[in-house]
Amino acid sequence: MANGCEICCEIMIAILLPPLGVCLRHGCCTTEFMICLILTILGYIPGIIYALYAIVYVDRDQFFDEYRRPLFYAHSP
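The structure reproduced in this document is the subject of the present report. Worth saying up front: this structure is predicted, and the values here are computed from it rather than measured.

## Quick word on the pattern of salt bridges
The tally for this structure, following the rule as stated, stands at 1 salt bridge. Residue arginine 25 pairs with glutamate 10 through a salt bridge whose shortest N-O separation is 3.9 Å. On the criterion of sequence distance, the pair formed by arginine 25 in helix α2 (residues 18-26) and glutamate 10 in helix α1 (residues 4-16) is long-range, its members being 15 residues apart. For the residue pair arginine 25 and glutamate 10, the accessibility class agrees, reading buried in each case.

## Focus: the packing of aromatic side chains
One pass over the full model with this rule turns up 2 aromatic pairs. Between tyrosine 50 and tyrosine 53, the aromatic rings sit 6.0 Å apart at their centres with planes inclined by 45 degrees, giving tilted as the arrangement. You can see tyrosine 50 and its partner tyrosine 53 sitting in helix α4 (residues 44-56), 3 residues apart, about one turn around the helix. When its relative accessible area of 44% is taken as the criterion, tyrosine 53 is described as partly exposed. Relative to tyrosine 57, the ring of tyrosine 53 lies with its centre 6.0 Å away and its plane at 35 degrees, an arrangement referred to as tilted. Three or more aromatic residues link up through ring pairs in this structure, and these residues are Tyr50, Tyr53 and Tyr57.

## Some details on the nonpolar core
Ranked by size, the top nonpolar core spans 9 residues in total: Ala14, Val22, Cys23, Phe33, Cys36, Tyr50, Ala51, Ala54 and Ile55. Sorting the residues of this core by element identifies α2, α3 (31-42) and α4 as the ones contributing at least two each. Top element by residues in this core is α4. It accounts for 4 residues. Dropping the residues within four chain positions of it, phenylalanine 33 is found in contact with Pro19, Val22, Cys23, Gly27 and Cys28.

## What about the environment of leucine 20?
Tracing the backbone shows leucine 20 in helix α2. Considered as a pair, leucine 20 and cysteine 36 are 16 residues apart in the sequence and their alpha carbons are 9.3 Å apart.

Thresholds, definitions, all that
- Residues numbered from 1 in each chain as written.
- Predicted model: local features only at pLDDT ≥ 70, side-chain atom pairs only at ≥ 80, totals over all residues.
- Heavy atoms only, no water.
- Salt bridge = Lys/Arg side-chain N within 4 Å of Asp/Glu carboxyl O.
- Helix = DSSP H or I, 4+ residues; strand = E, 2+ residues; numbered from the N terminus.
- Buried < 20%, exposed > 50% of the residue type's maximum accessible area, 1.4 Å probe, protein only.
- Phe/Tyr/Trp six-rings, centres within 6.5 Å; stacked < 30°, edge-to-face > 60°.
- Core = buried A, V, L, I, M, F, W, Y, C linked by side-chain atoms within 4.5 Å.
- Contact = heavy atoms within 4.5 Å.

As structure tokens, then:
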């Protein structure tokens, strides 16, 4: 779990570049990043809103399972 300073920095970055803030929090090949990237391309404000939601409310460790794993995750035998 991230501390308050990390979340504050990620929020400031998310306001300037929404996909970058989500990338720092969740990784570059995750569903959250792709949704944020698409929303930012379609409109800057929806990208910011989703980035803030993804950073503040979505807990990465709770949803890190086989179906939502990043594409670069290597499963060890």
